Amino acid sequence: MDNQIEELLPLSPLQQGLLFHALYDGVDKDAYRDAYVVQLAFDLHGALNVPALRAAAQTLLARHANLRAGFIQRKSGAPVQVIARRATLPWRELDLVDLHAGQEAELLRLQLIEAEERFDMAKPPLLRCTLIKLAPERHRLLFTHHHIVLDGWSMPVLLQELFALYQTAGDDSQLPPPAPYRTYLAWLQRQDRTNVQNAWRAALSGLTEPTRLIADRPAEPMVPESLLFELPADLTDALTRLVRQHGLTLNTLVQGAWAMVLSCLTGRDDVVFGITVAGRP
């Protein structure tokens, strides 16, 4: 991180929550994986200009101030994001070309190590790249970042810029200037928080306690796991026809089924649970 500070910015509500989890779960940094460290893997085929790709990735940091953000707490406890004037993207290159028999196993091991390495939230940038050479014209690029600086909606924009910059070896003179993240933060500051709080109070009125499947929470942080269960094609088709008949979506059907499961397991007819929504102003 460059010692010069470009600006200090507040955090969005989501960023505040992500910072809380990173600091709360990171007391023992060697014991627990940060669940909000995200890793994307890209397989690149053909002749690769490695210096041009590295330059393109570095230019992304120069273009987008929020990618140069570090997150600290003031003496008052209030969080703030410190935008560094310059930051160098951590870039590592590995060569597995000569590893024939166990190449795939070693590749997966390296990806896991990279995904489990925590970020120091106060030291930007909170992203890093590892380029792994698998064959003369086959590479895998690991793009690892903390969710606090980059979300799913932003990733296609960033990737589009990355490959455009690759063609120019990092020269962004032909790209339009990016929209500053501070503009969104300023919009948030203008919103009426009282109305938002009143809306949530109305929606949750009458709810006396959280919906919990287990009474006692685990004493130690736990990394979420994903389970994949594939429905037969005929059942999927039948469910699709059913929701269309009622003007619903499969997502709505799944949420309704989950609500019924929670009701049965908790013995309550009033349950509440959180969902992820791909939508924002």
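Note: the structure precedes this text.
What you see is a predicted model; the values in this text were computed from it and never measured.

(A) Examining the packing of aromatic side chains more closely. Within this structure, the stated rule accounts for three aromatic pairs. The interplanar angle of 15° and the centroid separation of 5.5 Å between the aromatic rings of Phe20 and Tyr24 together place this pair among those described as stacked. Residue Phe20 and its partner Tyr24 are located together in helix 1 (residues 13-25), separated by four residues, close to a single helical turn. Judged by centre distance (6.1 Å) and plane angle (15°), the ring pair of Tyr184 and Trp187 falls under stacked. Linking Tyr184 with Trp187, this pair stays in helix 5 (residues 181-189), spanning three residues, or about one helical turn. Of the residues examined, Trp187 reaches a relative accessible area of 30% and is grouped as partly exposed. Its guanidinium or amino end placed over the ring of Phe119, Arg128 lies 4.2 Å from that ring's centre, counting from NZ or CZ.

(B) Fine view of the nonpolar core. Counting residues in each nonpolar core, the largest one holds 40 residues, and the members touching the most others are Leu53, Phe71, Trp91, Leu141, Phe143 and Ile148. Of all the elements, helix 2 (residues 50-63) adds the most residues to this core, at seven residues. Not counting residues up to four positions away in its chain, the partners in contact with Phe71 are Leu11, Gln15, Leu19, Val80, Gln81, Met121, Ala122, Leu126, Ile148 and Val149. Core analysis: the next-biggest nonpolar cluster, separate from the first, contains six residues, Leu96, Leu107, Leu110 and Ile132 among them.

(C) Summary view of unusual backbone geometry. That bond from Pro124 to Pro125 is cis: its omega, 5°, falls within 30 degrees of zero. Among the secondary structure elements, Pro125 is positioned in the loop between helix 3 (103-116) and strand 6 (127-135). For Ala169, which is not glycine, the phi torsion reads 55° and is therefore positive. Looking at where Ala169 falls in the secondary structure, it is placed in the loop between helix 4 (154-167) and helix 5.

(D) Broad picture of the sheet that holds strand 7 (residues 138-146). The four strands are arranged 2-7-6-5 in an open sheet whose pairing can be described as mixed. Two strands in the sheet have a free side with no partner beyond their single neighbour: strand 2 (37-45) and strand 5 (91-95). The average angle at which neighbouring strand axes cross in this sheet is 15°, direction not considered. When strand 5 meets strand 6, the two strands line up parallel, connected through five bridges. What sits directly across from Arg92, in strand 6, is Thr130.

(E) Structural detail: the environment of Pro176. Looking at the element boundaries, Pro176 is found in the loop between helix 4 and helix 5. Once the C-alpha coordinates of Pro176 and Val38 are considered, the two residues, 138 residues apart in sequence, prove to be 27 Å apart.

Conventions used here
Residue indices begin from 1 for each chain and proceed along its sequence in written order. Owing to the predicted nature of the model, reporting of local features is limited to residues with pLDDT of at least 70; listing and counting of side-chain atom pairs is limited to 80 or more, with chain, interface and lining totals taken over all residues. Side-chain numbers come from the whole structure's heavy atoms, not from hydrogens or water. Each aromatic pair joins two rings of Phe, Tyr and Trp (for Trp, the six-membered one) with centres within 6.5 Å, and gets the label stacked for planes under 30 degrees apart, edge-to-face for over 60, and tilted for any other angle. Working definition: helices are DSSP H or I runs of at least four residues, strands are E runs of at least two. Numbering for both runs from the N terminus. Only protein chains enter the area calculation, which uses a 1.4 Å probe; residues under 20% of their type maximum are buried, those over 50% are exposed, and those in between are partly exposed. Only Lys NZ and Arg CZ are tested; either one counts as a charge over a ring when it is within 6 Å of the ring centre and within 35 degrees of the ring normal. Grouping buried Ala, Val, Leu, Ile, Met, Phe, Trp, Tyr and Cys residues that are joined through side-chain atoms within 4.5 Å yields what is termed a nonpolar core. Only heavy atoms matter for contacts: two residues are in contact if any of them lie within 4.5 Å across the pair. Whether two strands pair comes down to DSSP finding at least two bridges between them. Every axis in this analysis is a line fitted to C-alpha atoms, fitted for helices over the stretch in contact. Angles between the N-to-C directions lie between 0 and 180 degrees.

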